[in-house]
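Residue-level listing of the chains:
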Amino acid sequence: MDEEYDVIVLGTGLKECILSGLLSVDGLKVLHMDRNDYYGGESTSLNLVQLWKRFRGSDKPPAELGSSRDFNVDMIPKFIMANGALVRVLIHTDVTKYLYFKAVDGSFVYNKGKVHKVPATDMEALKSPLMGIFEKRRARKFFIYVQDYNESDPKTHEGMDLTRVTTRELIAKYGLDDNTVDFIGHALALHRDDRYLDEPAQDTVKRMKLYAESLARFQGGSPYIYPLYGLGELPQAFARLSAVYGGTYMLNKPECKVEFDEEGKVCGVTSEGETAKCKKVVCDPSYLPNKVRKVGKVARAIAIMSHPIPNTNDSHSVQIILPQKQLGRKSDMYLFCCSYTHNVAPKGKFIAFVSTEAETDNPESELKQGVNLLGPVDEIFYETYDRSEPVNEPSLDNCFISTSYDATTHFESTVDDVLNLYTKITGKVLDLNVDLSAASAAEE
């Protein structure tokens, strides 16, 4: 391996594959290696036999579940906001031509022990059983303010500077009660805890607008879309993009040891006795464990079922957010369900996930409130995994390390990480002002 590469990317998780594609499109010479023999890294999708091997040792899955290859079980399940940053990246790179999407049926929130559809517009607010009649009127006024708000038109600001006014102050102006604030903050704006209340309101208003715009895109029951055959399709699509632009791929490369020069800067990667030279390395935390620190743990359950989640209008694909306050926890819990309608399970089968930021060492008791909402399950698996984030200074060592995937069941935080890394690597901001009407690859 005498060639020198601009960038060597280690690991084929979704973040690494998106970066590999973007950097190849920019004309950089990219080598992409992975110690595994499959794409997707942490964010891969498994068939039934692989799932059993991972969670149950080597025993064979029960025959009544159906054919192993009809299952595509995501290891980091997330839906894609129809108008969000990931869709913009997909269109910007033209990766949409390798993928088919289908709208997700429902978006729900857990409130006072019950599951409710998330109201996203002033009209839905008026119909929602989440609120009493007077609260509905107040909520409707707030939704209208958010819908009409335009950053560049002061007439829509009603005298408030949302870069200074906190979310708490904005909400107080409309007199909304805690329950309403809970679903607005966690199920619409998708905040992961309550810190946002004391931060500038502009971010929350933008997030609510993104939710409403995404909902309007497909006139579906939710603002989310999801690829047919599962998320394992995404890393492969970006890998294909990288290859089209001259990127080189090597799977099944053991060790992948990152080499440094005497100044502590990365200079190459060694595998099987050969070293490929490079100027920069991009990788997930597992490739440079001494440059990351553990920042938390995700607990999750994976269930195979023969029915949709109860109280979700028989939705075949759905997200339910359980705000922390409703559970007496420090962090939200997320339910994700998809099924044979997205080609991730045989006909009649549903795959559900319950995930949260772990606060104890017992995932079963911790996830109980979420698992209880699933109804009877055919099989269930529990696990926890560590979340890490980089502690190195990329300008000193030229190592660009992604953060681990969080417990959320949507991609907004994932794409933020990718775009930040892209800017650090290239020194420029990716322009995502694309024409979203071009996304014809999405199926209704």
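How each quantity is defined
- Sequence order as written defines residue numbering, which begins from 1 separately in each chain.
- Per-residue local features are limited, in this predicted model, to residues with pLDDT of at least 70; the limit for side-chain atom pairs, both in listing and counting, is 80 or more; totals at the level of whole chains, interfaces and linings are taken over all residues.
- The side-chain quantities take in all heavy atoms of the structure and omit both hydrogens and water.
- To qualify as a helix, a DSSP run of H or I must reach at least 4 residues; to qualify as a strand, a run of E must reach at least 2; elements of each kind are numbered from the N terminus.
- Pairing of N or O atoms within 3.5 Å defines a polar contact, subject to two protein rules: one partner must be a possible hydrogen donor and the other a possible acceptor, and residues neighboring in sequence count only if both atoms are side-chain atoms.
- In what follows, a contact means two residues having at least one pair of non-hydrogen atoms within 4.5 Å.
- For a helix, the expected span equals 1.5 Å multiplied by the residue count minus one.
- Between rings of Phe, Tyr and Trp, where Trp is taken as its six-membered ring, a pair exists when centres lie within 6.5 Å; planes separated by under 30 degrees are stacked, by over 60 edge-to-face, and by other angles tilted.
- For two strands to count as paired, DSSP must find a minimum of two bridges between them.
- With axes taken as lines fitted to C-alpha atoms, and helix axes fitted only over the stretch in contact, angles between N-to-C directions fall between 0 and 180 degrees.
- Either an automatic procedure or a domain database provided the assignment from which the domain bounds are taken.
- For patch detection, residues must exceed 30% relative accessible area and be free of salt bridges, and they are connected within 9 Å for like charges or within 5 Å for nonpolar side chains (Val, Leu, Ile, Met, Phe, Trp, Tyr).
- Each accessible area value is a Shrake-Rupley result obtained with a 1.4 Å probe; residue values ignore everything except the protein chains displayed when judging cover.
- In the sections that follow, a salt bridge refers to a side-chain nitrogen of Lys or Arg positioned within 4 Å of a carboxyl oxygen of Asp or Glu.
- Here, the term disulfide refers to a pair of cysteine sulfur atoms separated by no more than 2.5 Å.
- Between buried and exposed lies partly exposed: a residue is buried under 20% and exposed over 50% of the maximum accessible area for its type, with that area taken using a 1.4 Å probe on protein chains only.
- Orientation categories follow fixed angle ranges, with anything under 35 degrees roughly parallel, anything over 145 roughly antiparallel, 65 to 115 roughly perpendicular, and all other angles oblique.
- Should the near helix be turned anticlockwise from the far one by less than a right angle, the crossing is left-handed, and should it be turned clockwise, the crossing is right-handed.

## A look at the side chain of Ser271
Stage number 1. Mapped onto the elements of the fold, Ser271 is located in strand 12 (residues 266-271).
Stage number 2. Within polar-contact distance, the side chain of Ser271 engages the backbone oxygen of Pro254 at 2.9 Å.
Stage number 3. Not counting residues within four places of it along the chain, the set of residues in contact with Ser271 comprises Met33, Lys253, Pro254 and Cys256.

## Looking at helix 14 (residues 412-426)
Stage number 1. With 15 residues, helix 14 ought to run about 21 Å at 1.5 Å a step, and its terminal C-alpha atoms sit 21 Å apart, in line with that.
Stage number 2. At its buried positions, helix 14 is contacted by helix 1 (14-25), strand 5 (80-81), helix 3 (85-92), helix 8 (201-218), strand 13 (274-283) and strand 19 (399-401).
Stage number 3. Backbone geometry just after helix 14 places Gly427 at a positive phi near 75 degrees.

## Quick look at the packing of aromatic side chains
Stage number 1. Within the structure shown, the criterion is met by 14 aromatic pairs.
Stage number 2. Relative to Tyr174, the ring of Tyr145 has its centre 5.9 Å away and its plane inclined at 40 degrees; by these criteria the two rings are tilted. With Tyr145 in helix 5 (residues 133-148) and Tyr174 in helix 6 (residues 167-174), this residue pair connects regions lying 29 residues apart in the sequence.
Stage number 3. Taken together, a centroid distance of 5.9 Å and an interplanar angle of 80 degrees make the contact between Tyr340 and Phe350 edge-to-face. One end of the pair, Tyr340, is in the loop between strand 16 (333-339) and strand 17 (350-357); the other, Phe350, is in strand 17, and 10 residues separate them in sequence.

## Details of the sheet that holds strand 8 (residues 114-117)
Strand pairing in a sheet relies on backbone hydrogen bonds, with the paired strands running either antiparallel or parallel.
Stage number 1. What the 7 strands build is an open sheet, ordered 8-7-15-16-17-14-18; its pairing is mixed. Here the strands that pair on one side only, and so sit at the sheet edges, are strand 8 and strand 18 (379-390). Neighbour-to-neighbour, the strand axes of the sheet open up by a mean angle of 25 degrees, direction not taken into account.
Stage number 2. Relative to strand 18, helix 2 (residues 48-56) is tilted by about 75 degrees, and along the sheet it contacts strand 14 (292-305) and strand 18.

## A short note on the domain arrangement of the protein
Stage number 1. Its domain assignment divides the protein into domain 1 (4-44 + 231-293 + 388-431), domain 2 (47-105 + 295-387) and domain 3 (118-217).
Stage number 2. Each of domain 1 and domain 3 has a C-alpha centre, and these two points are 37 Å apart.

## Regarding a nonpolar patch on the surface
Stage number 1. Where nonpolar side chains cluster on the molecular surface, the patch consists of Val25, Val244 and Tyr245 and spans about 270 Å² of accessible area.
Stage number 2. Take Val25: it is sitting in helix 1.

## Concerning the state of the cysteines
Stage number 1. One pass over the structure, following the stated rule, counts 0 disulfides.
Stage number 2. With no disulfide partner, Cys267 has as its closest neighbouring cysteine sulfur the one in Cys278, 7.4 Å distant.
Stage number 3. According to the relative accessible area criterion, Cys267 is partly exposed, its value standing at 30%.
Stage number 4. With no disulfide of its own, Cys337 lies closest to Cys338 among cysteine sulfurs, the gap being 6.4 Å.
Stage number 5. Assessed through its relative accessible area of 0%, Cys337 is described here as buried.

## Quick word on the packing of helix 1 against helix 14
Stage number 1. Closest axis-to-axis distance for the helix 1/helix 14 pair is 10 Å, and the angle between their directions is 40 degrees. The angle between helix 1 and helix 14 falls in the class oblique. Of the two possible hands of crossing, helix 1 and helix 14 adopt the one that is right-handed. In contact with Lys15, Ile18, Leu19, Leu22 and Leu23 of helix 1, helix 14 contributes Thr414, Asp417, Val418, Leu421, Tyr422, Ile425 and Thr426.

## With respect to unusual backbone geometry
Stage number 1. Of note, Asp94 is a non-glycine position whose phi angle comes to about 65 degrees, a positive value.
Stage number 2. Tracing the backbone shows Asp94 in the loop between helix 3 and strand 6 (101-103).
Stage number 3. Assessed through its relative accessible area of 39%, Asp94 is described here as partly exposed.
Stage number 4. The backbone of Glu272 shows a phi angle near 50 degrees, a positive value even though the residue is not glycine.
Stage number 5. Along the chain, the position of Glu272 falls in the loop between strand 12 and strand 13.

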